[in-house]
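Structural overview for review
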2 protein chains.
Amino acid sequence: MAKTPTIREVAKLANVSIGTVSRVINDAVDVSPVIRKTVESAIEQLGYVPNAAAKSMRMGRSRTVGCILREINIAQLGGFVSTAQNVLTESGYSLLIANSEGRRQREIELLRSFSSGQVDGVLMGPYTPIEGEFEDLLRSLPVPFVMIDRDQPKWCDAVYADHEGGVYQATSHLLGLGHRRIALLTGPVRLHPGGARVRGFMRAHTERNVPTIPELVVSESFLNDHGYRATSSLLGMAHPPTAIIAGGIDMLPGVLRAIRTRGLSVPGDISVIASGQNDLSDLHQPPIGVVGWDQNEVGATAAALLLDLIANGKREEPRRVIIPTNFNPQASCMPPRKPPG
Amino acid sequence: MAKTPTIREVAKLANVSIGTVSRVINDAVDVSPVIRKTVESAIEQLGYVPNAAAKSMRMGRSRTVGCILREINIAQLGGFVSTAQNVLTESGYSLLIANSEGRRQREIELLRSFSSGQVDGVLMGPYTPIEGEFEDLLRSLPVPFVMIDRDQPKWCDAVYADHEGGVYQATSHLLGLGHRRIALLTGPVRLHPGGARVRGFMRAHTERNVPTIPELVVSESFLNDHGYRATSSLLGMAHPPTAIIAGGIDMLPGVLRAIRTRGLSVPGDISVIASGQNDLSDLHQPPIGVVGWDQNEVGATAAALLLDLIANGKREEPRRVIIPTNFNPQASCMPPRKPPG
């Protein structure tokens, strides 16, 4: 590889001191526009790259924000990531994303690595329940962070969708169609969207005086193979559900695969509702009903909160922003088939 | 936030010098196992996080690999990312991903930021054509890199799929069914998968002595709105195509949306072939034919090449690994409708 140009060469070409080059690089205010321009031209001409590690140590900032996601290739996350990035870019920050695969050990390692100088702030939606040691780690993070779609811990800034309200609407719709055996697949109750969805599901049943059926509430995992496995076993029951709410943003493919594997059709044999609109829910025949929310708003709000924390430090009161959800039934729900006889 | 413990406190608790703690942190070989264990216990007990920026300056490495992708939420990229990450994790590296949105300026900024100490190596599939200034920037990168699904520049390590062979098979299949007006939508010819797909498409036509129709080869963009716009204008032609090959890994949704908007059906009105299998191609009714390749193999191979470059430096001869493609017609292709009359 070619020899990297040095700050000395930049100073020589611009006919200024090394100190002046350094002040330009570090955005010091006491540099005249003319000198700044000359130095910047020399930097560009030589292709000089300031040493970011050295710069970040001097400046105490990396101009980078880290984001920890369970999986990065969830179709639904596109809007979140691109909007957050646009907001950050406007303030001169890059967004770096790491995939935790929902593993506790990776989430801890990523937080440690991020918090030791690599980034200036963190956006995250951890899969590890926020309690005990993990909560202690969060409390001692030396960089600010904002929680994405988590309502715990209560003491930090967070942006999350109203999954309780959305699942309440979806469940009410199915109950209204006459369904009495509705299944809900979602993540652990102690992780925000899991617990909120279960509450919305229960509330809709309670209001209509319909008992919920415990074995139809599979509150185990958000991971994408869960949709397939849970649906397969639900459909294998002596009295299978007549409707399924896929309560996780990448659960729909597995649910649909399991339904197809058994030769059943939507909505003739079973009604289906997904969490979050995406290409698959739109382009499936029939289009799948969704509990939706604005991922762009989640991304923009979370990035703005984080930039404010980076610039102005922690506030007295944590800010909690709840993004509304809506329910669009599309064409994937109909009244349940009458049982034979 | 809680006060961050210092290296001094670790040294005091372990009853060793600060230099010894530093040697343990930096994996020095001259530390006895007993001392190492004592220091590690103290580090754990205090929750001490070494300053990564300082450590990486001393060590010249960040134990992090950067990856520049056009979009991170393309369903197809899941296998690539998780496999690359697993290979990197085994060697103690984290993978950080940045979204360039295919913008030249962002690709340049990310490369500059990555190459100035933030990461030890880069995986990338740039959207900027590799020539002129951009190629110069690549030549002067102080960290090693591996190209993902790009065959340029010829002087670096690269892993790419045989898109020419895959599109050749797909085109031959459509010609064999009797199609004479086949459209190919793909990216710019000078960017690897674009040019390779056009070559495969042309070769299949030439071998069967069927002329290609220039206005049906839309070699403009891989960006995902291109699929919708290009398909809409093709379907609006006086003599529209009877088959479309979506030559980009996130082009299928737009193609299907445009077909549905005009009230047409697949394959009765038009045959469709996608690039890369995913949930949408699988679960669409009918399932969509795909030119596929093993994204896990791309990820594992690219990560292994990069780790080797990081550990052992650049080799005399660049390594070029071509991943085979295959064609699965599924149920989305049939002979073209006879024109009326």
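Because the structure is a prediction, the values reported are computed rather than measured.

The rules we used
- Residues numbered from 1 in each chain as written.
- Chains lettered and ligands numbered in written order.
- Predicted model: local features only at pLDDT ≥ 70, side-chain atom pairs only at ≥ 80, totals over all residues.
- Heavy atoms only, no water.
- Helix = DSSP H or I, 4+ residues; strand = E, 2+ residues; numbered from the N terminus.
- Contact = heavy atoms within 4.5 Å.
- Buried area = accessible area lost by both parts, 1.4 Å probe.
- Salt bridge = Lys/Arg side-chain N within 4 Å of Asp/Glu carboxyl O.
- Polar contact = N/O pair within 3.5 Å; in protein donor to acceptor, adjacent residues only side chain to side chain.
- Patch = residues over 30% accessible without salt bridge, like charges linked within 9 Å, V, L, I, M, F, W, Y side chains within 5 Å.
- Areas by Shrake-Rupley, 256 points an atom, 1.4 Å probe, with all protein chains shown as cover.
- Lys, Arg positive; Asp, Glu negative; His and termini not counted.
- Charge placed at Lys NZ, Arg CZ, Asp CG, Glu CD.
- Buried < 20%, exposed > 50% of the residue type's maximum accessible area, 1.4 Å probe, protein only.
- Arc of directions from axis to C-beta.
- pLDDT = per-residue confidence, 0-100.
- Pairing = 2+ DSSP bridges.
- Axes fitted to C-alpha atoms, helices over the stretch in contact; angles between N-to-C directions.

**Re the environment of N296(A)**
Residues and elements named next belong to chain A.
- Take N296: it is sitting in helix α13 (residues 295-312).
- Separated by 187 residues in the primary sequence, N296 and E109 have C-alpha atoms spaced 28 Å apart.
- Not counting residues within four places of it along the chain, the set of residues in contact with N296 comprises G79 and T83.

**Describing the interface of chain B and chain A**
- The interface of chain B with chain A comprises 55 residues on the first partner and 55 residues on the second.
- Summed over both sides, the interface between chain B and chain A buries roughly 4800 Å², with carbon and sulfur atoms accounting for 56% of that surface.
- Across the chain B-chain A interface, the total number found is four salt bridges.
- Where D279(A) meets R257(B), a salt bridge forms, and the shortest distance between an N and an O atom there is 3.0 Å.
- Where chain B packs against chain A, one counts 15 residue pairs in polar contact (both at pLDDT 80 or more).
- At the level of elements, α4 (52-59), α5 (77-90), β2 (94-99), α6 (104-118), α11 (252-261) and α12 (279-283) of chain B are the ones that each hand at least two residues to the side of chain B that touches chain A.
- The dominant element in the side of chain B that touches chain A, judged by the number of residues it contributes, is α6(B), at seven residues.

**A closer look at a negative patch on the surface**
- Together, E40(A), E44(A), E133(B) and D136(B) line one region of the surface with negative charge.
- Secondary structure elements with two or more residues in the negative patch: α3 (33-46) of chain A together with α7 (132-139) of chain B.
- By the secondary structure assignment, E44(A) is in helix α3.

**Topic: helix α7 (residues 132-139) of chain A**
Residue and element names in this part refer to chain A.
- Every buried residue belonging to α7 is among F134, E135, L137 and L138, and all of these are buried. An end-on view of α7 places all buried positions within 155 degrees of arc, on one side of the element.
- Each element contacted by the buried residues of α7 is listed here: α6 (104-118), β3 (121-124) and β4 (145-148).

**What about the side chain of D120(B)?**
Residue and element names in this part refer to chain B.
- Position of D120 relative to the elements: it lies in the loop between α6 and β3 (121-124).
- Although D120 is buried, it forms no salt bridge, and the closest oppositely charged side chain is R63 at an N-O distance of 5.9 Å.
- A polar contact is formed between the side chain of D120 and the backbone nitrogen of R63, at a distance of 2.8 Å.

**Details of the confidence of the model for chain A**
Residue and element names in this part refer to chain A.
- Per-residue confidence for chain A gives a mean pLDDT of 89, with 93% of residues at or over 70.
- Looking at the elements of chain A, mean pLDDT is at its lowest for helix α4 (residues 52-59), recorded as 46, and at its highest for helix α8 (residues 163-176), recorded as 98.
- Every residue in residues 53-60 is under pLDDT 50, and counting partners more than four places away or in other chains gives 18 contacts.

**Quick look at the sheet that holds strand β8 (residues 243-247) of chain B**
All names here are of chain B.
- Read from one edge of the open sheet, six strands run β7-β6-β8-β9-β10-β12, paired in mixed fashion. Across the chains shown, the open sheet's two edge strands, defined by having one partner strand only, are β7 (217-219) and β12 (325-328). Put simply, the sheet's adjacent strands are angled 10 degrees from each other on average, direction ignored.

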